[in-house]
2 protein chains.
Amino acid sequence: MSQPDPKRVKTDDDAPYELIYWPVIPGRGEFVRLVFEEAGVPYSDVAQNIEKGMNAVSSLTATDNIGDEHNPPALAPPALKHGDLLISQTPNILLYVAPRVGLAPKEGNGVYHLNEIVLTILDGLVNELHDTHHPIAISLYYEDQKEESKKKSQYFIKERLPKYFKYMQRVLDAKTSGEGPWLYGDSLTYADLVLFQAVDGTKFAFPKSTEALKKSGEYDGVFKLYDAVKERPNISKYLQSDRRRKYSEGIWRYYPELEEE
Amino acid sequence: MSQPDPKRVKTDDDAPYELIYWPVIPGRGEFVRLVFEEAGVPYSDVAQNIEKGMNAVSSLTATDNIGDEHNPPALAPPALKHGDLLISQTPNILLYVAPRVGLAPKEGNGVYHLNEIVLTILDGLVNELHDTHHPIAISLYYEDQKEESKKKSQYFIKERLPKYFKYMQRVLDAKTSGEGPWLYGDSLTYADLVLFQAVDGTKFAFPKSTEALKKSGEYDGVFKLYDAVKERPNISKYLQSDRRRKYSEGIWRYYPELEEE
């Protein structure tokens, strides 16, 4: 048996990063894209081609998908391929990628503190916002659950939005937030990118309510962090590129009637 | 300055594990308890004293909680204290504890595969089941959102329950599931304990629907794994002890009308 040529053997860490997500919408894939864009690390994004993207997601979500030799099946996108590894679930992909691209510590308590902050924003603010337009079933059209959506949105705006903004502000007020505008420590981490995208999507879906939160002056740290991320050179370039999708029919949708009393 | 006495310096790993969760209900704290119980690792559980438990949770969830010198604030229980570290979010606590007590690999792809499976079960089956009795707002009583609950439950039973059972069965059918009844690899991991608790809670809340899934014969691996966990010596002892809470008003509630057509 011949020796493998080291130049031809791909280890996980020099394999390309490949994102699998729905084309057209930003959606949960956006949290992953922002990490690569900020870090300036190349990644392929199958969603850039509508047909290829749809096919990749369909094959991922097929009900007879039982994974492969190395990986259990994923239930839903986003998924990330890196060498032989295929993983899914947004906070899990971020947990894997962020320390590899310099946006999280590789070990120690910070790993778990950042994961906690990210899970709280994703599981809380992002998932609950999604459910404002789909409170009964994701298989039903919005139009068929509009009355329930209006009802849920009232509580979301009055109780849940301030709760999550207050939480994010408290993390910024904590001693663990350090110097600078960042959530944890003295420099930007992937949790800051998650906050940015969650707030950006909320601004799109509930513009009046987000403006009211801003004007209250109670969450200045949150909005300052939002601006600081937006102004990062790599993020700013990305947001102006056509790689950044427009909001439409994903998690973040704009239905003006949901902000009416 | 005198040298620290090594016998008096507590490293993280010999510090006691302290669970902070609501008293009385099993709830999300149960996923953490099962890991310690299976591993036979001592832990304190503040919920064992109703007053102390209520106080600990109230202080954790206080809206002026900004954490401490070492930790950002938690938004909600469960939380785990281990030495100076305090972390929250169920899948995050499990990610931290499981490799330390021998119920998950310490590094490599398995870390992310297990986290993926656990996030899918918790974020999907568990959170969606919770929302069947609180589709509009968690601040409202069930009785004030009963009609919406009935509507949501119909879709949950018809579409979501089979989707998640099928997913769990597919993970068991994958090549990564190995020998034995377990989800990943050849031996029990914390993902198996999460599946057990998620199925056990579902049986309580939707007994007729769970029985129908069982009788269909399509998810035999899932129910076999459920039984295998239940029969583990440490788990079996725990389930018969008074440390195991009865289901009542938490995530898993039994409202017979939600299973009616």
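Small disclaimer: the values here were computed from a predicted structure and weren't measured.

**Student:** Lay out the overall build of chain A with the relevant residues and their values.
**Tutor:** When helices and strands are tallied, chain A shows 9 helices and 4 strands. The order of helices and strands in chain A, counted from the N terminus, is β-α-β-α-β-β-α-α-α-α-α-α-α. A compact globule built from 261 residues should have a C-alpha radius of gyration of about 18 Å, and chain A, at 19 Å, falls within 12% of that. Burial status across chain A gives 57% buried among its 261 residues. Within chain A, residue pairs in contact and separated by at least 24 positions form 69% of the contacts whose partners lie at least 6 positions apart. Carbon and sulfur atoms form 49% of the exposed surface of chain A, whose accessible area is close to 11,700 Å². Of the side chains in chain A, 32 bear a positive and 40 a negative charge, and the two mean positions are spaced by 3 Å.

**Student:** Kindly report on the interface of chain A and chain B, identifying the contributing residues and their values.
**Tutor:** Facing the 59 residues of chain A at the interface are 60 residues of chain B. Regarding the contact of chain A and chain B, the summed buried area is about 5,100 Å², with carbon and sulfur atoms giving 57% of it. In this structure, the salt-bridge partner of B:Lys151 is A:Glu148, at a minimum N-O distance of 2.7 Å. Taken together, chain A and chain B are joined by 24 residue pairs in polar contact (both at pLDDT 80 or more). Of all elements in the fold, only β4 (85-88), α3 (90-100), α4 (109-132) and α5 (146-173) of chain A reach the threshold of two or more residues within the side of chain A that touches chain B.

**Student:** Summarise the sheet that holds strand β4 (residues 85-88) of chain B; cite the residues concerned and give the values.
**Tutor:** Residue and element names in this part refer to chain B. Pairing within the open sheet is mixed, and its 4 strands lie in the order β2-β1-β3-β4. In this open sheet, the two edge strands, each paired with only one partner strand, are β2 (43-45) and β4. Direction aside, neighbouring strands of the sheet carry axes that sit 20° apart on average. The sheet contact formed by strand β3 (residues 79-82) and β4 spans 4 bridges and is antiparallel.

**Student:** Talk me through the sheet that holds β4(A); I want residue IDs and the actual numbers.
**Tutor:** All names here are of chain A. One open sheet accounts for 4 strands, arranged β2-β1-β3-β4; its pairing is mixed. The open sheet is flanked by β2 (43-45) and β4, the only strands paired with a single partner. Looking at each pair of strands side by side, their axes are set apart by 20° on average, direction ignored. Pairing of strand β1 (residues 17-20) with strand β3 (residues 79-82) involves 4 bridges; the strand directions are antiparallel. Residue pairing across strands places leucine 19 opposite leucine 80, the latter belonging to β3.

**Student:** Report on the environment of A:Val199, specifying residues and quantitative values.
**Tutor:** Residue and element names in this part refer to chain A. Looking at the secondary structure, you find valine 199 in helix α6 (residues 190-205). Sequence separation between valine 199 and leucine 125 is 74 residues; the distance between their C-alpha atoms is 8.9 Å. Those residues in contact with valine 199, other than ones at most four positions away along the chain, are Phe165, Met168, Val222, Phe223 and Tyr226.

**Student:** Got a sec to walk through the packing of aromatic side chains? Specific residues and values, please.
**Tutor:** Residue and element names in this part refer to chain A. This structure, assessed with the given rule, holds 24 aromatic pairs over all chains. Between phenylalanine 36 and tyrosine 43, the ring centres sit 4.9 Å apart and the planes meet at 15°, which makes this aromatic pair stacked. Neither phenylalanine 36 nor tyrosine 43 differs from the other in exposure class; each is buried. Among the aromatic residues, those joined into a cluster by ring pairs are Phe31, Phe204, Tyr247, Trp252 and Tyr254. Above the face of the tyrosine 96 ring, arginine 100 is positioned so that its terminal group lies 3.8 Å from the ring centre.

**Student:** So what's going on with the relation of the copies chain A and chain B? Residues and values would help.
**Tutor:** The two copies are related by a screw motion: chain A maps onto chain B through a turn of 180° and a shift of 0.0 Å along the axis, at an RMSD of 0.0 Å. Both copies of the chain, as the preceding transformation shows, are related through a two-fold rotation axis. Every residue of chain A has its C-alpha some distance from the rotation axis, and the shortest such distance is that of A:Pro135, at 3.0 Å. A shared binding surface is used by both copies, with 100% of the interface residues of chain A retained as interface residues in chain B.

**Student:** Describe the pattern of salt bridges, listing the residues and the values that go with them.
**Tutor:** Here the structure, examined in full by the defined rule, presents 22 salt bridges over all chains. Because the salt bridges share partners, they merge into one network encompassing A:Glu30, A:Arg33, A:Asp45, A:Asp200, A:Arg244 and A:Arg245.

**Student:** Account for the confidence of the model for chain A, naming residues and giving values.
**Tutor:** All names here are of chain A. Overall, the predicted model of chain A reaches an average pLDDT of 93, with 95% of residues at or above 70. The low-confidence segment residues 1-10, where pLDDT is below 50, has 2 contacts with residues more than four positions distant or belonging to other chains. Two summary scores accompany this predicted model of the complex, namely pTM at 0.95 and ipTM at 0.94.

**Student:** Break down the nonpolar core for me, with residues and values.
**Tutor:** Of all hydrophobic cores here, the largest spans 142 residues; its most connected members are A:Phe165, A:Tyr190, B:Phe165 and B:Tyr190. Beyond its immediate sequence surroundings of up to four residues, B:Phe165 is in contact with B:Leu125, B:Val199, B:Thr202, B:Thr210, B:Leu213, B:Tyr219, B:Val222 and B:Phe223.

**Student:** Kindly report on the environment of B:Tyr219, identifying the contributing residues and their values.
**Tutor:** Residues and elements named next belong to chain B. Along the chain, the position of tyrosine 219 falls in the loop between α7 (207-215) and α8 (220-230). Residue classification places tyrosine 219 among the buried residues on the basis of a relative accessible area of 5%. For the pair tyrosine 219 and lysine 106, spaced 113 residues apart in the sequence, the C-alpha separation amounts to 30 Å. In contact with tyrosine 219, other than residues within four places in its own chain, are Pro162, Phe165, Lys166, Gln169 and Leu213.

**Student:** Provide a residue-level description of the packing of helix α5 (residues 146-173) of chain B against α7(B), including the pertinent values.
**Tutor:** Residues and elements named next belong to chain B. Two elements in contact, α5 and α7, have axes separated by 11 Å at closest approach and are oriented at 50°. Here α7 runs oblique to α5, going by the angle between their axes. Crossing angle aside, the handedness with which α5 passes α7 is right-handed. For the pair α5 and α7, the contacting residues are Ile157, Leu161, Pro162 and Phe165 in the first and Ser209, Thr210 and Leu213 in the second. Classifying every residue of the contact of α5 with α7 by side-chain character gives 5 nonpolar, 2 polar and no charged.

**Student:** Could you give an account of the side chain of B:Ser88, with specific residues and numbers?
**Tutor:** Note on placement: B:Ser88 falls in strand β4. In this structure B:Ser88 comes out as buried when scored by relative accessible area, which is 2%. Setting aside anything within four residues of it in sequence, one finds B:Ser88 in contact with A:Glu116, B:Ala74, B:Leu75, B:Ala76, B:Pro78, B:Ala79 and B:Ile93.

Reading the values: rules and limits
- Residues numbered from 1 in each chain as written.
- Chains lettered and ligands numbered in written order.
- Predicted model: local features only at pLDDT ≥ 70, side-chain atom pairs only at ≥ 80, totals over all residues.
- Heavy atoms only, no water.
- Helix = DSSP H or I, 4+ residues; strand = E, 2+ residues; numbered from the N terminus.
- Rg over C-alpha atoms; globule rule 2.2 N^0.38 Å.
- Buried < 20%, exposed > 50% of the residue type's maximum accessible area, 1.4 Å probe, protein only.
- Contact = heavy atoms within 4.5 Å.
- Areas by Shrake-Rupley, 256 points an atom, 1.4 Å probe, with all protein chains shown as cover.
- Lys, Arg positive; Asp, Glu negative; His and termini not counted.
- Charge placed at Lys NZ, Arg CZ, Asp CG, Glu CD.
- Buried area = accessible area lost by both parts, 1.4 Å probe.
- Salt bridge = Lys/Arg side-chain N within 4 Å of Asp/Glu carboxyl O.
- Polar contact = N/O pair within 3.5 Å; in protein donor to acceptor, adjacent residues only side chain to side chain.
- Pairing = 2+ DSSP bridges.
- Axes fitted to C-alpha atoms, helices over the stretch in contact; angles between N-to-C directions.
- Phe/Tyr/Trp six-rings, centres within 6.5 Å; stacked < 30°, edge-to-face > 60°.
- Lys NZ or Arg CZ within 6 Å of the ring centre and 35° of its normal.
- Least-squares fit on C-alpha atoms with pLDDT ≥ 70 in both.
- pLDDT = per-residue confidence, 0-100.
- Core = buried A, V, L, I, M, F, W, Y, C linked by side-chain atoms within 4.5 Å.
- Parallel < 35°, antiparallel > 145°, perpendicular 65-115°, else oblique.
- Left-handed = near helix turned anticlockwise from the far one by under 90°.
- Nonpolar A, V, L, I, M, F, W, Y, C, P; charged D, E, K, R; others polar.

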